[in-house]
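Here are the chains, one letter per residue:
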Amino acid sequence: MGNRSSLGLPSGSGPHLVGCADIMADHTRKGTFFRLYYPCQAAEDSEQPLWIPRSEYCNGLADYMNLNKNWFTPLLKLTFGSFQVPVRWCAPIVPGLKFPLLIFSHGLGAFRTVYAAVCLEMASHGFLVAAVEHRDCSASITYHYKEASSLSTEEPVLPNCYLQEEWINYRKIKQEEKEFKVRNLQLHQRANECVRALNLVNKINDGRSIVNVMKSDFDIESLKNRVDMEKVGVIGHSFGGATSLLALLKDDRFRCAIALDAWMFPIENNLYFQMRKPAFFINTETFQTTDSITKMKKLFQNNKETKMITILGTVHQSHSDFTFLTSPWLSRIYETRGKLQPERALEITARAAMAFLNRHLDLNEEFNSWDNLVEGKGTDIIPNAPPVLSNL
């Protein structure tokens with residue numbers, strides 16, 4: 001992963017080309033919505049999807065950041081609206097192979113496309129990655145559909161179907177509310193949504209029929225018997241990191257979890273003693289607090305294979321796509337990029353994650369050549385936490 005002078009997402013460094021498709025099953029709010037990244041065949045006529053999938057997401061980002069939507073939604077469209085994800089949209093999956101599965105959980109104020117760089121990097125090395133878009137009001141914005149029959153006759157109906165979009169906005173904490181109570185409820189919904197995504201992939205893998213509400217050209221039936229359901233992990237960033245830990249507890253099919261700079265605040269204390277499967281904390285240098293690190297280390301007592309490393313020269317957004325897509329001056333304002341080059345941070349993150357997954361999913365791959373990263377050995381990383389922690 002070399003340095004690049006222009007803004008944009010890097011393509012995967014693995015041996016596979018990467019395909020991408022959106023899947024929404026059950027159009028209601030209780031359904032499942034994720035972006036799937038997968039090893040694909042070359043397809044000359046395939047397009048590269050926009051990183052911002054709909055203009056409404058710019059509106060949601062402005063609202064999440066407490067910016068005037070009239071002013072900043074057009075600015076966000078101008079800044080991010082033209083970026084494309086370097087994948088092949090709805091291309092055919094690589095034939096003949098079974099792939100391990102990762103369920104990915106996004107952070108607070110994000111949505112399903114915000115971690116394309118790490119997701120497609122993993123897919124290029126032979127993983128299926130289902131990036132969930134959460135509907136607990138922690139995404140900056142998302143949507144589902146409701147039956148048109150429940151609408152007034154004046155409301156427009158989507159063409160060629162009988163469903164109407166319903167958008168879900170980010171939920172801000174009210175002054176009189178206890179944030180832990182709100183976030184903890186969201187955390188459990190998020191973990192349940194990860195389990196539902198796993199259930200859906202399992203259903204598809206079994207060859208059972210599903211309807212993809214997104215009406216895409218992707219051949220869902222081509223995933224039949226292509227997922228190795230014995231090799232399943234869960235991964236997430238920030239709020240998604242905490243989500244991955246709870247999902248690991250909720251469903252035995254998840255064999256391990258990777259938490260990217262996990263926000264530990266929403267997890268209730270009594271759950272730490274129940275989490276006994278291996279977890280891997282990949283932290284940035286500036287985000288974690290003493291309290292958060294203490295909570296992470298509680299899990300070391302339950303499983304000796306639980307690991308923690310810190311990537312030096314990184315900030316909280318170093319795990320997201322914003323680190324690749326914001327200019328230097330925007331990065332200084334919103335702290336989307338640390339001193340370490342984004343490509344190097346992604347390289348460490350992905351390789352350490354794959355080495356950890358190799359240990360616990362029995363992948364029989366060459367990923368063990370990166371085992372030193374799991375132990376925090378090498379340039380730009382240290383084991384455990386830095387001596388000086390954040391005061392956040």
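Residues numbered from 1 in each chain as written. Predicted model: local features only at pLDDT ≥ 70, side-chain atom pairs only at ≥ 80, totals over all residues. Heavy atoms only, no water.

A. Looking closely at the packing of helix 3 (residues 116-124) against helix 9 (residues 342-361). Their axes nearest at 10 Å, the elements helix 3 and helix 9 cross at an angle of 45°. In terms of orientation, helix 3 and helix 9 fall into the oblique class. Considering how the two elements wind past one another, helix 3 and helix 9 form a crossing that is right-handed. On helix 9, the residues that touch A117, V118, E121 and M122 of helix 3 are L346, T349, A350, A353, M354 and L357. Looking at the contact of helix 3 with helix 9 residue by residue, the class counts come to eight nonpolar, one polar and one charged. (Axes fitted to C-alpha atoms, helices over the stretch in contact; angles between N-to-C directions. Helix = DSSP H or I, 4+ residues; strand = E, 2+ residues; numbered from the N terminus. Parallel < 35°, antiparallel > 145°, perpendicular 65-115°, else oblique. Left-handed = near helix turned anticlockwise from the far one by under 90°. Contact = heavy atoms within 4.5 Å. Nonpolar A, V, L, I, M, F, W, Y, C, P; charged D, E, K, R; others polar.)

B. Seen up close, helix 5 (residues 239-250). The first and last C-alpha atoms of helix 5 sit 16 Å apart over 12 residues, in line with the 16 Å expected at 1.5 Å per residue. Among the 12 residues that make up helix 5, 10 are buried, leaving the element largely enclosed by the rest of the structure. Every buried residue of helix 5 is listed here: F239, G240, G241, A242, T243, S244, L245, L246, A247 and L248. Packed against the buried residues of helix 5 are strand 4 (99-105), helix 4 (179-205), strand 8 (227-237), strand 9 (256-260) and strand 10 (279-284). (Expected span 1.5 Å × (residues − 1). Buried < 20%, exposed > 50% of the residue type's maximum accessible area, 1.4 Å probe, protein only.)

C. Quick peek at unusual backbone geometry. The phi dihedral of N66 falls on the positive side, at around 60°, and the residue is not glycine. Backbone geometry places N225, a non-glycine residue, at a positive phi of 60°. Its place among the elements puts N225 in the loop between helix 4 and strand 8. Owing to a relative accessible area of 43%, N225 belongs among the partly exposed residues under this scheme.

D. Focus on the layout of surface pockets. In this structure, the largest pocket encloses a volume near 1,200 Å³. Looking at the largest pocket, it is lined by 44 residues, and the ones nearest its centre are Y64, H316, Q317, Y334 and E335. Mapped onto the lining of the largest pocket, the elements with two or more residues apiece are helix 1 (56-64), helix 2 (69-80), helix 6 (290-298), helix 7 (322-325) and helix 8 (328-334). Taken together, the residues that form the lining of the largest pocket break down as 26 nonpolar, 15 polar and three charged. Along its surface, the second largest pocket is lined by 14 residues, and K98, F99, P100, G126 and E365 are the ones closest to its centre. Mapped onto the lining of the second largest pocket, the elements with two or more residues apiece are strand 4 and strand 8. (1 Å grid on protein atoms, 1.4 Å probe; cavity = no way out; pocket = protein on both sides within 12 Å on 5 of 7 lines; lining within 4 Å. Points joined across faces, edges and corners; volume = space filled by probe spheres on them.)

E. Quick peek at empty space enclosed by the protein. Counted by the stated rule, this structure contains four cavities of 30 Å³ or more. In this structure, the largest cavity encloses a volume near 60 Å³. Lining the largest cavity, in full, are A117, V118, L260, S318, H319, S320, F324, A345, L346 and T349. For the lining of the largest cavity, the elements supplying multiple residues, two or more each, are helix 3 and helix 9. Take the lining of the largest cavity: its biggest share by element is three residues, from helix 9.

F. Structural view of the pattern of salt bridges. By the definition in use, this model includes 23 salt bridges. For the salt bridge of R54 with E165, the shortest nitrogen-to-oxygen distance reads 3.1 Å. Of this pair, R54 sits in the loop between strand 2 (32-40) and helix 1 while E165 sits in strand 7 (residues 163-169); the two residues are 111 residues apart in sequence, bridging distant segments of the chain. Classification of R54 as partly exposed rests on a relative accessible area of 23%. Notably, a salt bridge pairs E177 with R171, separated by 2.5 Å at the nearest N-O pair. Accessibility expressed as a relative area gives 22% for E177, which makes it partly exposed. R171 gets classed as partly exposed once you look at its relative accessible area, which sits at 28%. In the salt-bridge network here, residues are joined through shared partners; they are D22, R35, R112 and E133. (Salt bridge = Lys/Arg side-chain N within 4 Å of Asp/Glu carboxyl O.)

G. Region of interest: the sheet that holds strand 11 (residues 307-311). Pairing within the open sheet is mixed, and its 10 strands lie in the order 3-1-2-5-4-8-9-10-11-12. Unpaired on one side and paired on the other, strand 3 (88-89) and strand 12 (381-383) mark the two borders of the sheet. The pairing of strand 9 with strand 10 spans four bridges and is classified as parallel. When the bridges of strand 10 are listed, A257 appears paired with A279. Lying over the sheet, helix 3 contacts strand 1 (17-25), strand 2, strand 4 and strand 5 (128-132), oriented at roughly 45° with respect to strand 2. Here helix 5 sits on the sheet and contacts strand 4, strand 8, strand 9 and strand 10; the angle it forms with strand 8, its principal contact strand, is near 145°. (Pairing = 2+ DSSP bridges.)

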